[in-house]
Amino acid sequence: MAYQNINATLSEKDIQEIKAALQTIQQKLPFLITLSSQERRKLFKMGDKSLAFVNNSLTAAQSNRDILPASFDVEEFVRDYQLANSLTELLLGLRQLTEKVDDTLLAVGSEAMSSSLTVYDYVKTAAKKTPGLKTLAEQLGDRFKAIKNKSTKANFES
C-alpha cells in the first residue's frame with residue numbers, strides 16, 4: 001500500500017490495552033535474557049544456513065544416543081531446538097510489527113514536523129506586525145539554533 005497522509009488516533013484505552021498485551025507477551029516469555037555486546041560476539045549464531053545443520057544434528061543425536069557421552073542431554077537439545085524454532089517464528093512477527101510501527105512513526109512525525117514548519121513560518125511573518133508574537137517566534141526558532149551552531153562550528157573547523 002502506498003504511503004498516504006495518516007489520519008488516526010489512539011485512545012487512552014487503546015494505549016493501555018496495547019501496553020497490557022505487551023506485558024502479557026513478556027509474562028509468557030519469562031526466560032528472555034539480555035546479553036552484553038561481548039557475550040553476543042562469543043556465542044555461536046544459528047542463522048538460516050545453520051538450521052539444516054542443527055536439525056540434522058538433532059536427528060543424529062536422537063538416532064545414535066549410544067555414541068554420545070552419558071552427560072549429553074538429548075532432551076535438552078530437543079527443547080533448545082524447539083524453543084529456537086518457536087522464537088524465530090515469533091521474532092518474525094514482532095519484527096514486522098516493529099517495522100510498521102517505526103515506518104508509521106517516521107511518516108506521522110514527518111507530517112507533524114511539516115505542519116510545525118508551516119506554523120513557524122506564519123508566526124515569524126506575523127511577529128513582524130503583531131504584538132506579542134516575537135517571543136513565540138524566538139521560542140519556535142530555538143529548535144534551529146543548534147543546527148546553525150553546528151554548521152557554523154563545522155565551517156570554522158574545516
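Note on numbering: residues in each chain are counted from 1, in written sequence order. Per-residue local features are limited, in this predicted model, to residues with pLDDT of at least 70; the limit for side-chain atom pairs, both in listing and counting, is 80 or more; totals at the level of whole chains, interfaces and linings are taken over all residues. No hydrogens and no water enter the side-chain calculation; it runs on all heavy atoms of the structure.

**Q** Before we go on, may I ask you to explain the overall build of the chain in this structure?
**A** A helix here means a DSSP run of H or I that spans at least four residues, while a strand means a run of E at least two residues long, and both kinds are numbered starting from the N terminus. A tally of helices and strands in the chain yields 5 helices and 0 strands. Listing each helix as α and each strand as β along the chain from the N terminus yields α-α-α-α-α. The globule rule used here is 2.2 Å times the number of residues to the 0.38 power, and the radius of gyration it is set against is calculated over C-alpha atoms. Against the compact-globule benchmark of 15 Å for 158 residues, the chain has a radius of gyration of 27 Å, which places it well outside the compact range. If one aligns the C-alpha atoms of the chain with their principal axes, the spans along those axes are about 90 × 50 × 30 Å. Per-residue burial for the chain yields a buried fraction of 9% across its 158 residues. In what follows, a contact means two residues having at least one pair of non-hydrogen atoms within 4.5 Å. In the chain, the proportion of contacts linking residues at least 24 apart, taken out of those at least 6 apart, comes to 40%. Accessible surface for the chain amounts to roughly 14,000 Å². Of this, 58% is attributable to carbon and sulfur atoms. Working convention for charge: Lys and Arg count positive, Asp and Glu count negative, and His plus the chain ends are omitted. Where a charge lies is defined by one atom per residue type, namely NZ (Lys), CZ (Arg), CG (Asp) and CD (Glu). The positive charge centre, built from 21 side chains, and the negative charge centre, built from 19, are 11 Å apart in the chain. Accessible area is worked out with a 1.4 Å probe on protein chains only. A residue is then buried under 20% of its type maximum, exposed over 50%, and partly exposed in between. Reported accessibility uses the Shrake-Rupley method at a 1.4 Å probe radius. Residues are deemed covered only where the shown protein chains occlude them.

**Q** Would you mind showing me how to read the confidence of the model for the chain here?
**A** The predicted structure's coordinates, where accompanied by low pLDDT, should not be read in detail. Taken residue by residue, the chain gives an average pLDDT of 91. The fraction at 70 or more is 91%. Scored from 0 to 100, pLDDT reflects the predictor's confidence in each residue. Predicted confidence in the chain is weakest over helix H5 (residues 134-157), with a mean pLDDT of 74, and strongest over helix H1 (residues 12-28), with 97.

**Q** What is the right way to look at the nonpolar core in this model?
**A** Soluble globular proteins: nonpolar side chains tend toward being buried together. Counting 7 residues, the largest nonpolar core is built from Val-54, Leu-58, Ala-61, Val-74, Phe-77, Val-78 and Tyr-81. Contributions of two or more residues to this core are made by helix H3 (48-63) and helix H4 (74-127). Among the elements that make up this core, the one with the highest residue count is H4 (4 residues). Look past the residues within four positions of Val-74 in its chain and what remains in contact with it is Ala-61, Gln-62, Arg-65 and Leu-68. As used in this record, nonpolar core signifies buried Ala, Val, Leu, Ile, Met, Phe, Trp, Tyr and Cys residues forming a set joined through side-chain atoms within 4.5 Å.

**Q** How do you make sense of H4 when you look at a structure like this?
**A** One turn of an α-helix holds 3.6 residues; hence residues three or four places apart share an orientation. The end-to-end C-alpha distance of H4 is 76 Å, a good match for the 80 Å that 54 residues give at a rise of 1.5 Å each. We call two N or O atoms a polar contact when they sit within 3.5 Å, provided that within protein one can donate a hydrogen and the other can accept it, with sequence-adjacent residues counted only if both atoms are side-chain atoms. One side-chain oxygen at the N-terminal end of H4 lies 3.1 Å from the backbone nitrogen of Glu-75; it belongs to Asp-73. In a helix, the anticipated span is given by 1.5 Å times the number of residues less one.

**Q** Could you clarify how one ought to interpret the pattern of salt bridges in this entry?
**A** Any two side chains of opposite charge can pair, on the condition that their charged atoms come close. We define a salt bridge as a contact between a side-chain nitrogen of Lys or Arg and a carboxyl oxygen of Asp or Glu at a distance within 4 Å. One pass over the full model with this rule turns up 5 salt bridges. Ionic pairing is found between Glu-17 and Lys-13, a salt bridge with its closest N-O pair at 3.6 Å. Residue Glu-17 and its partner Lys-13 are both found in helix H1; the two are separated by 4 residues, about one turn of the helix. Glu-17 gets classed as partly exposed once you look at its relative accessible area, which sits at 44%. Looking at Lys-13, the relative accessible area reads 57%, which means it is exposed. Its salt-bridge partner being Lys-145, residue Asp-142 comes within 3.1 Å of it at the nearest N-O pair. Of this pair, Asp-142 and Lys-145 both sit in helix H5, separated by 3 residues, roughly a single helical turn.

**Q** What exactly am I supposed to notice about the packing of H3 against H4 here?
**A** Think of two packed helices as two axes; the pair is described by the angle between the axes and how far apart they sit. Between H3 and H4, the shortest axis-to-axis distance is 10 Å and the interhelical angle comes to 155°. In terms of axis orientation, H3 runs roughly antiparallel to H4. In this structure, H3 crosses over H4, and the sense of that crossing is left-handed. Along the contact surface, H3 presents Leu-51, Val-54, Asn-55, Ser-57, Leu-58, Ala-61 and Gln-62, while H4 presents Val-74, Phe-77, Val-78, Tyr-81 and Asn-85. In the contact of H3 with H4, the residues fall into 8 nonpolar, 4 polar and no charged. Lines fitted to C-alpha atoms define the axes here, with helix axes fitted over just the stretch in contact, and angles between the N-to-C directions of these axes take values from 0 to 180 degrees. Note that the term roughly parallel is reserved for angles under 35 degrees, roughly antiparallel for angles over 145, roughly perpendicular for angles of 65 to 115, and oblique for everything else. Each helix crossing is assigned a hand: it is left-handed if the near helix lies turned anticlockwise from the far helix by less than a right angle, otherwise right-handed if that turn is clockwise. Each residue receives one of three labels: charged for Asp, Glu, Lys and Arg, nonpolar for Ala, Val, Leu, Ile, Met, Phe, Trp, Tyr, Cys and Pro, and polar for the others, Gly being one of them.

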